[in-house]
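Examining the three-dimensional arrangement
One letter stands for each residue in the lines below.
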Amino acid sequence: MPENQHTPCENPLWPCAMTGAVACLAGFADLGVIVHGSSGCYFYPASLVGVPVHGTFLVENEIIFGTESRLSEVIRDLEGRYSRIAVVNTCVPAIMGEDIGDLARNGRVLIVDSPGFLGDLEAGYRRALEAVAPEVDPGAAGVNIDGICRTDPFCRGNAIEARRLLDLAGGTVGTTFCLDRYAAAHRAAPFTVGTNPDLASGVGTACGSLLGLDAVSETFEILAATVDGIDNRPVREEVAWADERIRKACEKYLRRFDPPRVAIAAQSGYAVFAADLLDRYLGADIACIAARSGPGEGGGAAVHTTDFATLREMIAGAEPDLVIGSSYERAMAPHTAFVGLTPPLRGRVLLSSRAIAGVEGALRLMDEVLNACTSRNRRAGSDCADCF
């Protein structure tokens, strides 16, 4: 395997490039997505993206004698149901070296070569977006929303919150990457705001992030100076209102309880946002940050890992009062206060469109943290059962 490709770790915690490609493509409502591989390769992303995807479900005979006829059959079955079809190649067909490029000859079938060994979710997401080949229309109105991914439990909530803030400032939405129609990707607006820096599309001129209250203020200040019709004053006022609400709630908590000791596991951008929020308002002791993607920017506490054993050692050594992460981290510290921030979040019903970005995202995360920590303190026999 080439040195620049991903070497699977023992007990990986984070989806592979194939899943990232499926998540990106499944965000386009009129694009049919085919996972070209085994049933296992199909069911894993299908369980995460929350919308129908399709598969070739390759078996032994097709691996031995060739997979193209099976793939052609599935494509024919889907023609007429979607404006375009995207085929995501998985590890086994990629290793076999079959050339399935001819299936894209009519321009209505995209071939995305994104086997799992290419890298992690972010690498596959970008590979798929390259295949979509977004284009900027200099005359298009609005501001694009970036960083939306179907595997993210907050994808729909983030998109709704970004739209709300743009509307509050008198703006409109261009294209949402990736929660839109396929044609919208080819008439994107010239300017873009992000909700998740780990999934920046690079489409249009980046005007900042909506992840965190300071970031929201700074981004809308840039938009007001760049985009006609944007007034950042209503957003600035709402940020100040949210800041005051969080401060009051946290001061009330801190009058009764000590600041929590926290272990955080998530994509780098989300993890750093959570750490900054808890440090600013609660004076929390950030014991460790396990960044699923990249080296992160969380200082000495941040470690990039997707290995179960490494993460278990980090959490055991941190002895946290609060764990922010996925079902994996929750299982590692079952008696600790827990807030879900990254997939998988098993055993919970998640029907509402919850945000992590924007003003509502900051309020919601602090809601979850304060409620989880208060419940833990009550269970521990605190002398204050009604602090909220």
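Bear in mind the structure is a predicted one, so any value in this text is a computation, not a measurement.

1. Topic: the overall build of the protein
Along the backbone of the protein there are 13 helices and 13 strands. When burial is assessed residue by residue, the protein has 53% of its 388 residues classed as buried. Within the protein, contacts between residues separated by at least 24 positions form 68% of all contacts whose residues are at least 6 apart in sequence. Here the protein has roughly 17,000 Å² of accessible surface; of this, 48% comes from carbon and sulfur atoms. Across the protein, the centroid of the 34 positively charged side chains sits 7 Å from that of the 49 negatively charged ones.

2. A look at the side chain of Ser114
Within the secondary structure layout, Ser114 lies in the loop between β4 (109–113) and α6 (121–132). Sequence-distant contacts of Ser114, defined by excluding residues within four places in its chain, comprise Ala17, Met18, Ala21, Val88, Asn89, Gly124 and Arg127.

3. So, the pairing of strand β1 (residues 31–36)
In terms of burial, β1 is largely enclosed, as six of its six residues are buried. In this sheet, strand β3 (residues 84–89) lies alongside β1 in parallel orientation, the contact comprising six bridges. If you follow Val33 over to β3, its bridge partner there is Ala86. For the crossover that starts at β1, traverses helix α2 (residues 39–49) and ends in the parallel strand β2 (residues 54–55), the hand is right-handed.

4. Observations concerning the environment of Ile230
As for its position among the elements, Ile230 is in the loop between α8 (213–226) and α9 (233–254). C-alpha of Ile230 to C-alpha of Thr172: the two residues are 58 residues apart in sequence and 9.1 Å apart in space. Beyond its immediate sequence surroundings of up to four residues, Ile230 is in contact with Ala169, Gly171, Phe220, Leu223 and Ala224.

5. Let's talk about the packing of aromatic side chains
All told, the structure shown has seven aromatic pairs when counted by the stated rule. With a centroid separation of 6.2 Å and 80° between ring planes, the pair formed by Phe308 and Tyr328 is classed as edge-to-face. One end of the pair, Phe308, is in helix α11 (residues 308–318); the other, Tyr328, is in helix α12 (residues 327–332), and 20 residues separate them in sequence. On the basis of relative accessibility, which here comes to 21%, the residue Phe308 falls in the partly exposed class. For Tyr328, a relative accessible area of 30% gives the class partly exposed. Every member of this aromatic cluster is reached through a ring pair, and the members are Tyr42, Phe43 and Phe57.

6. A look at the packing of α8 against α9
Helix packing for two helices is described by the angle between their axes and how far apart those axes are. α9 packs onto α8 with a crossing angle of 170° between their chain directions and a minimal axis gap of 10 Å. Classed by the angle they form, the pair α8 and α9 counts as roughly antiparallel. Between α8, through Leu213, Val216, Ser217 and Phe220, and α9, the contact on the second element is made entirely by Val235, Val239, Ala242, Asp243 and Ile246. Classifying every residue of the contact of α8 with α9 by side-chain character gives seven nonpolar, one polar and one charged.

7. Points about the pairing of strand β7 (residues 191–194)
In the case of a regular strand, side chains alternate between the two sheet surfaces. Summarising the sheet, strand β5 (residues 143–146) and β7 pair through three bridges and their orientation is parallel. Counted as the bridge partner of Asp146 is Gly194 from β7. Strand direction decides the pairing type here: β7 and strand β8 (residues 205–209), joined by three bridges, are parallel. Paired with Gly194 across the bridge in β8 is Ser209.

8. Let's talk about the sheet that holds β2
Taken together, four strands build an open sheet; the order of strands is β2-β1-β3-β4 and the sheet is parallel. Because the sheet does not close on itself, it has two edges, and the strands there are β2 and β4. Here β1 runs beside β2; their pairing, made up of two bridges, is parallel. Its bridge partner lying in β2, Ile34 is registered against His54. Lying on the sheet, helix α1 (residues 17–25) is in contact with β1, β3 and β4; it crosses β3 at an angle near 170°.

9. Quick look at a nonpolar patch on the surface
Together, Ile63, Ile64, Phe65, Val92 and Met96 line one region of the surface with nonpolar side chains, adding up to about 490 Å² of accessible area. At the level of secondary structure, the elements contributing two or more residues to the nonpolar patch comprise α3 (60–65) and α5 (91–96). Here Ile64 lies in helix α3.

10. So, unusual backbone geometry
Across the junction of Phe177 and Cys178, the peptide omega takes the value 0°, indicating a cis bond. Relative to the elements of secondary structure, Cys178 occurs in the loop between β6 (173–176) and β7. Even without being a glycine, Phe57 presents a positive backbone phi close to 50°.

11. Side note on the state of the cysteines
Scanning all chains against the criterion turns up zero disulfides. Cysteine Cys373 is unpaired, with the sulfur of Cys250 as its nearest cysteine sulfur at 9.7 Å. Looking at Cys373, the relative accessible area reads 4%, which means it is buried.

About the thresholds
Residues numbered from 1 in each chain as written. Predicted model: local features only at pLDDT ≥ 70, side-chain atom pairs only at ≥ 80, totals over all residues. Heavy atoms only, no water. Helix = DSSP H or I, 4+ residues; strand = E, 2+ residues; numbered from the N terminus. Buried < 20%, exposed > 50% of the residue type's maximum accessible area, 1.4 Å probe, protein only. Contact = heavy atoms within 4.5 Å. Areas by Shrake-Rupley, 256 points an atom, 1.4 Å probe, with all protein chains shown as cover. Lys, Arg positive; Asp, Glu negative; His and termini not counted. Charge placed at Lys NZ, Arg CZ, Asp CG, Glu CD. Pairing = 2+ DSSP bridges. Right-handed = clockwise from strand over helix to strand, strands pointing away. Phe/Tyr/Trp six-rings, centres within 6.5 Å; stacked < 30°, edge-to-face > 60°. Axes fitted to C-alpha atoms, helices over the stretch in contact; angles between N-to-C directions. Parallel < 35°, antiparallel > 145°, perpendicular 65-115°, else oblique. Nonpolar A, V, L, I, M, F, W, Y, C, P; charged D, E, K, R; others polar. Patch = residues over 30% accessible without salt bridge, like charges linked within 9 Å, V, L, I, M, F, W, Y side chains within 5 Å. Salt bridge = Lys/Arg side-chain N within 4 Å of Asp/Glu carboxyl O. Disulfide = S-S within 2.5 Å.

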